[in-house]
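Each chain is listed here by its residues.
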There are 2 protein chains.
Amino acid sequence: MAINKVGKDIPDVFVQQYGIYEGELAHIDDYKEAVRNIHPVKPRDKKMLNSIREAIEKTGLKDGMTISFHHHFREGDFVINMVMDEIAKMGIKNLSIAPSSIANVHEPLIGHIKKGVVTHITSSGLRDKVGAAISEGIMENPVVIRSHGGRARAIVRGDIHIDVAFLGAPSSDEYGNVNGSAGRTTCGSLGYAMVDAKYADKVVVITDSLMPYPNTPISIPQTDVDYVVVVDAIGDPAGIAKGATRFTKNPKELLIAEYASKVITNSPYYKEGFSFQTGTGGASLAVSRFLKDAMIEDGIKASFALGGITNAMVELLEEGLVGKIMDVQGFDHPSAISLAKNANHYEIDAIMYASPLSKGSVINQLDTAILSALEIDTDFNVNVITGSDGIIRGASGGHSDTSAACKMCLVISPLIRGRIPTIVDTVNTVVTPGSSVDVVVTEVGIAINPERKDLIEHFRMLDVPQFTIKQLKDIAYSIVGAPDPIEYGDKVVALIEYRDGTIIDVVKNV
Amino acid sequence: MAINKVGKDIPDVFVQQYGIYEGELAHIDDYKEAVRNIHPVKPRDKKMLNSIREAIEKTGLKDGMTISFHHHFREGDFVINMVMDEIAKMGIKNLSIAPSSIANVHEPLIGHIKKGVVTHITSSGLRDKVGAAISEGIMENPVVIRSHGGRARAIVRGDIHIDVAFLGAPSSDEYGNVNGSAGRTTCGSLGYAMVDAKYADKVVVITDSLMPYPNTPISIPQTDVDYVVVVDAIGDPAGIAKGATRFTKNPKELLIAEYASKVITNSPYYKEGFSFQTGTGGASLAVSRFLKDAMIEDGIKASFALGGITNAMVELLEEGLVGKIMDVQGFDHPSAISLAKNANHYEIDAIMYASPLSKGSVINQLDTAILSALEIDTDFNVNVITGSDGIIRGASGGHSDTSAACKMCLVISPLIRGRIPTIVDTVNTVVTPGSSVDVVVTEVGIAINPERKDLIEHFRMLDVPQFTIKQLKDIAYSIVGAPDPIEYGDKVVALIEYRDGTIIDVVKNV
């Protein structure tokens, strides 16, 4: 065992394989980029195949290989299940799967795991039944949870070598030029898929909307694609937007949003040309609304907005309050349409979004980010992966990336969820180290990280109640009591990789 | 010595190093992509430097390394001379330079070669004084002439490993997001530079137009850029368009264009959705004009046009006669403006344009190309690199790429230039093998490659005079006589690499 910088005991076997977390910038080292094997396509060669099965055969997929998928269709994805079913029927076993994330709809994975088709998983997150099954301990090997920037890093550095990427494409031509803004199942940006396409040995594009050549704009170019398969449907458009809520009317969320907005607009970063990232939760979307009003009143415009994009952001762009949107992932139909028609709405891949080992990601230029949390502890560490019952049900996402890189990171959260405190002594699982978090915002007030003496000084007169993080915890505990400790087993079911590839925490079975 | 498939004796030393040309598709083999070394840029790091000298120092450039440049500024480029002057002053020696091409303005290179600063060169072409000096034999090591697709292949496969790329950027922000369609020295597409940026260990962006962050559209992303330097001027916009002539009034050129247009519009490929590439010479531009009239009359539209782009092509796009332009290089200001404002005018890199080892380049989808020639021989081999005096003065360009990949390649040329025949028994230098050439078009008529029995049959009733290639040669010789043989020396001054990396010919000193 070795204790890492956030105080977590990491078992030796993982220490040796990954190293332990030693600080945000402790392992940003020079490296050689990963190598892919290329089978050139000659002038008269065709890429169109008749079925997913034929594609699996042509790629030479074998037992023990690594395959990948993207999660841009979110709860509407049909691709993972279609491909995995076919692979299972073909009797291929012992696969590593490396989707950018896993959703509720991917419940059939449980069967593939139990039958030995899937033996290794890396993902940003695990939801509902798949998360519960993993937390029960159905896999021999722990799932590796990676942030969006961390996954990009892992692929670029060769920590993940993708043998075959199966990429759902809202539109493609016969030669594999793909975009996400045309077709029947538009998802907008293909930022995660673009990385897989660049580094996988073999890339299979699966589409339900075949376009005339050349299909532009091009998110994934023909030069990254080996085969194209047309199927009836790659996803359910309604499922893409699921969970991306409209503006909240919940008074607690509105108060959090108002406080967050005040922190931002009174910060040293709020000036002409500032930049921000918001999430998709109700409070987070409400922050955009408050920010918008402030920007109009103050005559201030943002240079760019970043992140998972929703209609709320698109409206700011169209109203001229935001100069540009940098879009790695869209959460609704309006954001896909905006990407297609507005030149200032720009698609970026996950490397450019957040890889800590790139020549500079966009989050490095970000002023402020508003991020959510399942738990925050009195060291400001954040858990976004396990529930209060210790079961995996969340996703790492861009949380540890954005918070580490931006100039001021706000973590917003209600003080209590149900009868469970959100601010706690020790989070069940550390995904984001407290050193990355600058301000915690709740409905009772804010707590500024004591390391940010500059912000404490700057916000001295701020018209928002201020507490220490321990005081916020005490208030929470005074209302609902201290949370019961979770009774974990001894088996490590998930590794929480920090964005640099070291282990920041492990999750044990429940 | 070994004799290659176009009958050329290649000295053993080069046979061993490169292999000999054995046919268009003989060496399209699987391979591992080249690797770059990446120095990650951390959140608070800056990329802006004060001078080219500081950039050279920061990159760690040393004796014996390889540096690259792009030729998008053509005769207006200031970057190569600025950087090479600074390097020479710093006393760095024995460099390999790998610009995408070399222009007349780069005459100062002769001094750098003579002083040992530059000891190896690879380029698409060499013009005027630099070409003459190379042909005289001032270098110990032969220049390696590569096609545009061949250069991309060489970089992607690691045959060229670029230690430092110095890339002139019409516009860039402080973090290195670059495009060619904004700024003071707009050149449009940065298709060649994009490849260097992706594969070089270190990339220095040199700009005279600094933009606010994030500068979009992004041709070269921040994730491919290490340093940014601002200088007074990177080029002369007038020099970019130099040589890209307007429509010709020369009756000989007009006749060639008319015949070429008839070949195309009567070919089996001329139908709704066909595609074509034209060059920039007077006759080539005139072909676009004739094609345009035919397309309007026949109610036929092209799906895409490809290549070095001029205003003539932009007009076809704007008039709806061409669906999309795929642009690896622009030759005038209107094409740069069109790229910026028209979503159907699409920038592609040189890998996607023409690399024979990619997963499929755009030329593989091309129906017909109109290419020029300095000489064509009775085996249909084409010389675009050496003059009738044997001196290097041309450029390989996309000639051997496009002709090999498209469905019907037209090589257009006057029968005679000055008092020198263009159709000859044997070309001085083979750049494109005769097997890639389908139809030769002159002002007296056409000759169809006898290998294309389908075209011979198809064009039986074509309203254009038809000859064998030997008959065309005989007509040329009957007017001006056979050309005098060139008295070459024994020293190999240039290797002509075929697009697959093998040697198709060598050029000796004159």
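Reading the values: the criteria
Residues numbered from 1 in each chain as written. Chains lettered and ligands numbered in written order. Predicted model: local features only at pLDDT ≥ 70, side-chain atom pairs only at ≥ 80, totals over all residues. Heavy atoms only, no water. Helix = DSSP H or I, 4+ residues; strand = E, 2+ residues; numbered from the N terminus. Buried < 20%, exposed > 50% of the residue type's maximum accessible area, 1.4 Å probe, protein only. Contact = heavy atoms within 4.5 Å. Pairing = 2+ DSSP bridges. Salt bridge = Lys/Arg side-chain N within 4 Å of Asp/Glu carboxyl O. Polar contact = N/O pair within 3.5 Å; in protein donor to acceptor, adjacent residues only side chain to side chain. Nonpolar A, V, L, I, M, F, W, Y, C, P; charged D, E, K, R; others polar. Domains from an automatic or database assignment. Buried area = accessible area lost by both parts, 1.4 Å probe. Least-squares fit on C-alpha atoms with pLDDT ≥ 70 in both. Axes fitted to C-alpha atoms, helices over the stretch in contact; angles between N-to-C directions. Parallel < 35°, antiparallel > 145°, perpendicular 65-115°, else oblique.

Overview of the environment of Pro99(B)
All names here are of chain B. Counting through the fold element by element, Pro-99 comes out in the loop between strand E7 (95-97) and helix H4 (109-114). Relative accessible area serves as the criterion here: at 1%, Pro-99 is assigned to the buried category. Distance from Pro-99 to Lys-62, taken between C-alpha atoms, is 18 Å for residues 37 residues apart in sequence. Not counting residues within four places of it along the chain, the set of residues in contact with Pro-99 comprises Phe-69, Ile-80, Thr-122, Ser-123 and Arg-151.

Quick notes on the sheet that holds strand E22 (residues 408-412) of chain B
Residues and elements named next belong to chain B. Read from one edge to the other, the open sheet built from nine strands follows the order E18-E17-E16-E15-E19-E22-E26-E27-E28, with strand pairing classed as mixed. Two strands close off the open sheet at either side, each with one partner strand: strand E18 (345-347) and strand E28 (466-467). The pairing of strand E15 (residues 274-277) with strand E19 (residues 368-371) spans two bridges and is classified as parallel. Following the sheet pairing, Gln-277 is matched in E19 by Ala-369.

Examining the interface of chain A and chain B
Interfaces are often sized by the accessible area lost when the parts come together. Facing 57 residues of chain A, the contacting portion of chain B comprises 58 residues. Lys359(B) is paired through a salt bridge with Asp226(A); the nearest N and O atoms lie 2.7 Å apart. Linking chain A with chain B are 32 residue pairs in polar contact (both at pLDDT 80 or more), by the criterion used here. At the level of elements, strand E3 (31-32), strand E4 (37-38), strand E13 (202-207), strand E16 (302-309), strand E17 (322-330), helix H13 (350-354) and helix H14 (399-405) of chain A are the ones that each hand at least two residues to the side of chain A that touches chain B. Its residues assigned to classes, the side of chain A that touches chain B comprises 28 nonpolar, 14 polar and 15 charged. With two bridges joining them, E4(A) and strand E3 (residues 31-32) of chain B adopt antiparallel strand pairing.

Remarks on the domain arrangement of chain A
All names here are of chain A. Segmentation of chain A into domains returns domain 1 (46-240) and domain 2 (251-490). Relative placement of domain 1 and domain 2: their C-alpha centres are 29 Å apart. Contact with domain 1, which involves 36 residues of that partner, is made by 31 residues of domain 2. For the pair domain 1 and domain 2, the summed buried surface comes to about 2500 Å²; carbon and sulfur atoms form 59% of the total.

Looking at the relation of the copies chain A and chain B
When chain A is fitted onto chain B, the two copies agree to an RMSD of 0.0 Å after a turn of 180° and an axial shift of 0.0 Å. Here the copies are linked by what is in effect a two-fold axis. Every residue of chain A has its C-alpha some distance from the rotation axis, and the shortest such distance is that of Val35(A), at 3.1 Å. A symmetric contact is evident, with 100% of the interface residues of chain A recurring at the interface of chain B.

Side note on the sheet that holds strand E25 (residues 423-424) of chain A
All names here are of chain A. Read from one edge of the open sheet, three strands run E21-E20-E25, paired in mixed fashion. If you trace the sheet from one side to the other, it starts and ends with strand E21 (382-383) and E25, each paired once. Taken together, the two bridges between strand E20 (residues 375-377) and E25 define a ladder with parallel strand orientation. Counterpart to Asp-377 in the pairing with E25 is Val-424.

Observations regarding the environment of Leu339(A)
Residue and element names in this part refer to chain A. Topologically, Leu-339 is positioned in helix H12 (residues 333-341). Judged by its relative accessible area of 13%, Leu-339 falls in the buried class. With 98 residues separating them in the primary sequence, Leu-339 and Ala-241 have C-alpha atoms 16 Å apart.

Concerning helix H11 (residues 311-318) of chain A
Each full turn of the α-helix corresponds to 3.6 residues, which orients residues three or four apart in the same direction. Residues and elements named next belong to chain A. Among the eight residues in H11, six count as buried, and that is most of the element. Residues of H11 that are buried include every one of Asn-311, Ala-312, Met-313, Val-314, Leu-316 and Leu-317, and no others. Each element contacted by the buried residues of H11 is listed here: strand E15 (274-277), helix H10 (282-298), E16, E17, H12 and strand E18 (345-347). Just downstream of H11 lies Gly-320, where phi reads positive at about 80°.

Remarks on the packing of helix H6 (residues 148-157) of chain B against helix H7 (residues 191-199) of chain B
Residue and element names in this part refer to chain B. Taken N-terminus to C-terminus, the directions of H6 and H7 make an angle of 10°; their axes are 10 Å apart at the nearest point. Considering the angle they form, H6 stands roughly parallel to H7. Only Tyr-192, Val-195, Asp-196 and Tyr-199 of H7 make contact with H6, whose side of the interface consists of His-148, Arg-151, Ala-152, Ile-155 and Val-156. Of the residues in the contact of H6 with H7, the class split is six nonpolar, one polar and two charged.

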